[in-house]
Amino acid sequence: MNIIVCAKQVVDVAEIKVDSSTKKPILVGVPQKISDMDKNALEEAIKSKEKHGGKITILTVGAPDAKERMKELLAMGADEGVLISPPEHADYYVIAHLLAGAIQKIGNYDIIFCGEASIDMFSGQMGPRIAGLLNIPQITYAQQVTVEQNKVVAERNLGEKAVTIESPFPVLITVTKESNQPRLPSLMAILASSSKPIHEWAVTDVTKEALVPKVQTTDLKGIPMERKNLIYQDDLDRSVGKLVDELVKVGVLR
Amino acid sequence: MVLVYSDDKKLTLELLNKGSELAKELHKKVIAVTIGHEEHAVEYLEHGADLVIIVETSQPQFKAEEYTSILQNIMKEHHSEIVLIGSNKNGKELAARLAAKIDAGCVTDCTKIYFHEKKLTTERIVYSGNAIAVEQFTAPPQIITIPSKVFNPLPKNPHHRGVTIKKKIDGEHSPSKILKVQEMKSEGVNVEDAQIIVSCGRGFKKKEDIKLVSELADVLKGRTVGCSRPIAADLKWLSEDHWIGLSGHKVKPKLYVACGISGQIQHIAGMRDSGVIVAINKDPEALIFKSADYGIVGDLYEILPKLTSAIKGKLG
């Protein structure tokens, strides 16, 4: 079984600080990591491989330093990686073409796993876009995945209802954070991963088209969060009393 | 043309408001599409649609592959430069697949949409609620998804003139098969409309203890209990209709009380528009206090009963 996992290197959103005067996020110097749900995607791939055998290829579009993060995924259980360096200007349209182009170049695939969205931009576009370009079925927001010999059954979590879908191969599946608990690699696996290859491909290796973005980001604005921040930490009875008085004063208790 | 589609009727009515505004600026018409729900057509006309296309199909159940191809079919016939799609999970996967099929730009979960220097411009929240990305389309067709409650429907106008047409369309056939559709466990809670919400997070040690939160919600006459991701998604102590956050529900009550919630940005993103925010947490460094108007540092097991009885005393 040939499985491809798309993984993105992102800034760790939990570590983002906000500039107190402009309210804009400070993105420089924020630690990078593999987006959380992409690790869930890999975990699902590893479970399939353990059951049916096969090969797992990690596909990343990103800066050269993404290689370091991809090694973690190889240590978790992927067999090899492909890193594509992006053009200067890119949007979802451009990146989806690069990923789909790379998948076509790899050629032989049964399942493509992606995270439901990346934790930085959270648009959830990449999975469905790749499936659309490859013209294969997609199952998004899967919270439970069962891979069988020649088909997959997955349950989509739509909030108010759950839809169970079965699809033959090839199929693209995006998984939620609840789908599984990604494993932590052992020390042995980390050491062994250094011998697994990460191929570096250029844009021209995966597409002949000159890709011009359809959407440009023109600004990143801060979000003003004006709150009173009155925090009581003395005697609990007194704190509760002060809080209730304030709530009455601002008119939310009636 | 501006094309509007959602499998959710209420959301379609909301999209029609923005859709007709954009259409007016372009001197174009706004088209609402319903797949299989003829009964919605009149309401769509009364809320701004110039044309309602009722798609009659042998594919009544949503599959992204098939519905993408149905919309593509309509776009080809009614040249559409802007497509607005409701941002639920089906809508988001549909919008992105459609964008790929027609090589279009797509922006999801937009909260503002306007023309700037004649270019269609959108705003959406990124970096887990830490910033707003302003994005601009460079060329049509332009696909945008909009979450529920961003826009209100236009007031009903029974005199609004519009046309209804029926069309038989079957999309390309998908090899996937829907095996089962199951209603999720729901307690019938509607946090999005609640005026007062008391929420719980990981600070609670066991499921039974959540009654401390519902007791407070009761005396506040809000009676609405919310929660953060772990309580609904991981521990499943409450059904997902209680879940407030980036992937859960977005709420804007007059009063929001966060109990034992650390204040991960994903949670803040769901409640930041609340009127007054109160936080109770034992960790004085908890992020939630930065987003709160009032806070008490201490053990929620001691504070909540005290607060409940103090408010009961005040309100009589």
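Residues numbered from 1 in each chain as written. Chains lettered and ligands numbered in written order. Predicted model: local features only at pLDDT ≥ 70, side-chain atom pairs only at ≥ 80, totals over all residues.

*Asks:* Sorry, what's going on with the overall build of chain A here?
*Replies:* Across its full length, chain A carries seven helices and 15 strands. A principal-axis box enclosing the C-alpha atoms of chain A has dimensions of 65 × 40 × 40 Å. Put simply, chain A has 254 residues, and 46% of those count as buried. Within chain A, contacts between residues at least 6 apart in sequence are counted, and of these 70% link residues at least 24 apart. (Helix = DSSP H or I, 4+ residues; strand = E, 2+ residues; numbered from the N terminus. Buried ≥ 20, exposed ≤ 12 C-beta atoms within 10 Å, placed from the backbone. Contact = placed C-beta atoms within 7 Å.)

*Asks:* Looking at this structure, how should I read the interface of chain B and chain A?
*Replies:* Opposite the 74 residues of chain B that make contact, chain A presents 70 residues. In terms of residues, the side of chain B that touches chain A owes the most to one element, helix α4 (residues 89-101) of chain B, which gives nine residues. Per-class residue counts for the side of chain B that touches chain A are 38 nonpolar, 17 polar and 19 charged. Both strand β11 (residues 161-168) of chain A and strand β11 (residues 177-183) of chain B contribute to a ladder of six bridges, which runs antiparallel. Residue pairing for β11 of chain B: Val 163 of chain A is matched across the bridge by Val 181 of chain B. (Nonpolar A, V, L, I, M, F, W, Y, C, P; charged D, E, K, R; others polar. Pairing = 2+ DSSP bridges.)

*Asks:* Any chance you could explain the sheet that holds strand β15 (residues 230-232) of chain A here in plain terms?
*Replies:* Each strand in a sheet pairs with another by means of backbone hydrogen bonds, the pair being arranged parallel or else antiparallel. Pairing is parallel across the open sheet formed by six strands, whose spatial order is β15(A)-β16(B)-β15(B)-β14(B)-β12(B)-β13(B). Of all the strands in the sheet, just β15 of chain A together with β13 (224-227) of chain B have a single pairing partner and so form its edges. Strand-to-strand, the axes of this sheet are offset by a mean angle of 20°, without reference to chain direction. Bridging between strand β12 (residues 196-200) of chain B and β13 of chain B involves four bridges; their strand directions are parallel. The residue bridging Val 198 of chain B from the neighbouring strand is Val 225 of chain B, located in β13 of chain B. Sheet strands in contact with helix α7 (residues 236-249) of chain A are β15 of chain A together with β15 (276-281) and β16 (294-297) of chain B, and its direction is about 170° off that of β16 of chain B. (Axes fitted to C-alpha atoms, helices over the stretch in contact; angles between N-to-C directions.)

*Asks:* Help me understand the environment of Leu 220 of chain A in this model?
*Replies:* Summarising the element assignment, Leu 220 of chain A is placed in strand β14 (residues 215-222). For the pair formed by Leu 220 of chain A and Met 121 of chain A, sequence separation is 99 residues and the distance between their alpha carbons is 12 Å. Ignoring anything within four residues of it in the chain, the contact list for Leu 220 of chain A reads Lys 24 of chain A together with Ala 131 and Ala 133 of chain B.

*Asks:* Please explain the sheet that holds strand β7 (residues 80-84) of chain A as it appears in this structure.
*Replies:* Spatially, ten strands are ordered β13(A)-β7(A)-β6(A)-β1(A)-β8(A)-β12(A)-β9(A)-β10(A)-β11(A)-β11(B) in an open sheet, and the strand pairing comes out mixed. Each end of this open sheet is capped by a strand with a single partner; those strands are β13 (198-201) of chain A together with β11 of chain B. On average, adjacent strands in this sheet sit at an angle of 30° to one another, irrespective of strand direction. Pairing geometry for β7 of chain A and β13 of chain A, over four bridges, is parallel. Residue pairing for β13 of chain A: Val 82 of chain A is matched across the bridge by His 199 of chain A.

*Asks:* Got a minute to help me understand the environment of Glu 81 of chain B in this structure?
*Replies:* All names here are of chain B. Of note, Glu 81 is situated in the loop between α3 (64-77) and β4 (82-86). For Glu 81, a count of 18 C-beta atoms within 10 Å corresponds to the partly exposed category. The spatial distance from the C-alpha of Glu 81 to the C-alpha of Ile 311 is 55 Å, given a sequence separation of 230 residues.

*Asks:* Please explain the confidence of the model for chain B as it appears in this structure.
*Replies:* Close inspection of predicted coordinates is inappropriate for parts of the model with low pLDDT. The predicted model of chain B has a mean per-residue pLDDT of 93, with 99% of residues at 70 or higher. For this predicted complex, the interface confidence reaches an ipTM of 0.92, while the overall pTM sits at 0.87. (pLDDT = per-residue confidence, 0-100.)

*Asks:* Please explain the domain arrangement of chain B as it appears in this structure.
*Replies:* Where interface size is quoted, it is often the accessible area lost as the parts come together. All names here are of chain B. When cut into domains, chain B gives domain 1 (2-168) and domain 2 (191-315). The distance between the C-alpha centroids of domain 1 and domain 2 comes to 34 Å. The interface is formed by five residues belonging to domain 1 together with seven residues belonging to domain 2. Split by residue class, the side of domain 1 that touches domain 2 holds one nonpolar, three polar and one charged. (Domains from an automatic or database assignment.)

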